[in-house]
Amino acid sequence: MESQHVLRAVGLGMLAGAAVGIMVSPGRKELKKAAGQAAQMVEEKAESISQAMKS
């Protein structure tokens, strides 16, 4: 009987965690924007390092 309660509690916890994760996660548009900004920042830093190495 106890193992059923434990499994039920684990299942409910997993379900609740998944629901919270879905609600908190950013939308596709926001995710694409953040990825684009990160890529641009990396490109700028690489260019800066390249220029510093040439000097």
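Cut-offs used in this document
Residues numbered from 1 in each chain as written. Predicted model: local features only at pLDDT ≥ 70, side-chain atom pairs only at ≥ 80, totals over all residues. Heavy atoms only, no water. Helix = DSSP H or I, 4+ residues; strand = E, 2+ residues; numbered from the N terminus. Rg over C-alpha atoms; globule rule 2.2 N^0.38 Å. Buried < 20%, exposed > 50% of the residue type's maximum accessible area, 1.4 Å probe, protein only. Areas by Shrake-Rupley, 256 points an atom, 1.4 Å probe, with all protein chains shown as cover. Patch = residues over 30% accessible without salt bridge, like charges linked within 9 Å, V, L, I, M, F, W, Y side chains within 5 Å. Salt bridge = Lys/Arg side-chain N within 4 Å of Asp/Glu carboxyl O. Expected span 1.5 Å × (residues − 1).

Chemist: What should I look at first to understand the overall build of the protein in this one?
Modeler: A count of helical and extended segments in the protein gives two helices and zero strands. Taking 2.2 N^0.38 as the reference for a compact globule, 55 residues should give roughly 10 Å; the C-alpha atoms of the protein span a radius of gyration of 22 Å, well beyond that estimate. If you line up the protein on its principal axes, its C-alpha atoms span 75 × 25 × 10 Å. Of all 55 residues assigned to the protein, the portion counted as buried reaches 0%. Surface summary for the protein: the accessible area is close to 5300 Å², and the carbon and sulfur share equals 66%.

Chemist: Which parts of the structure should I look at to understand a nonpolar patch on the surface?
Modeler: Side chains of Val 6, Val 10 and Met 14 sit close together on the surface and give an oily, nonpolar patch of about 300 Å² of accessible area. In this structure, Val 10 sits in helix H1 (residues 2–24).

Chemist: I tried to follow the environment of Gln 37 on my own but got confused; where do I start?
Modeler: Summarising the element assignment, Gln 37 is placed in helix H2 (residues 28–54). Residue classification places Gln 37 among the partly exposed positions, given a relative accessible area of 45%. It is 23 Å that separates the C-alpha atoms of Gln 37 and Ile 22, two residues lying 15 residues apart in sequence.

Chemist: What am I meant to see in H2 here?
Modeler: Think of an α-helix as 3.6 residues a turn; residues three or four steps apart then line up on the same face. Along its 27 residues, H2 runs 39 Å from first to last C-alpha, staying within 8% of the 39 Å computed at 1.5 Å per residue. H2 sits mainly on the outside: zero of its 27 residues count as buried.

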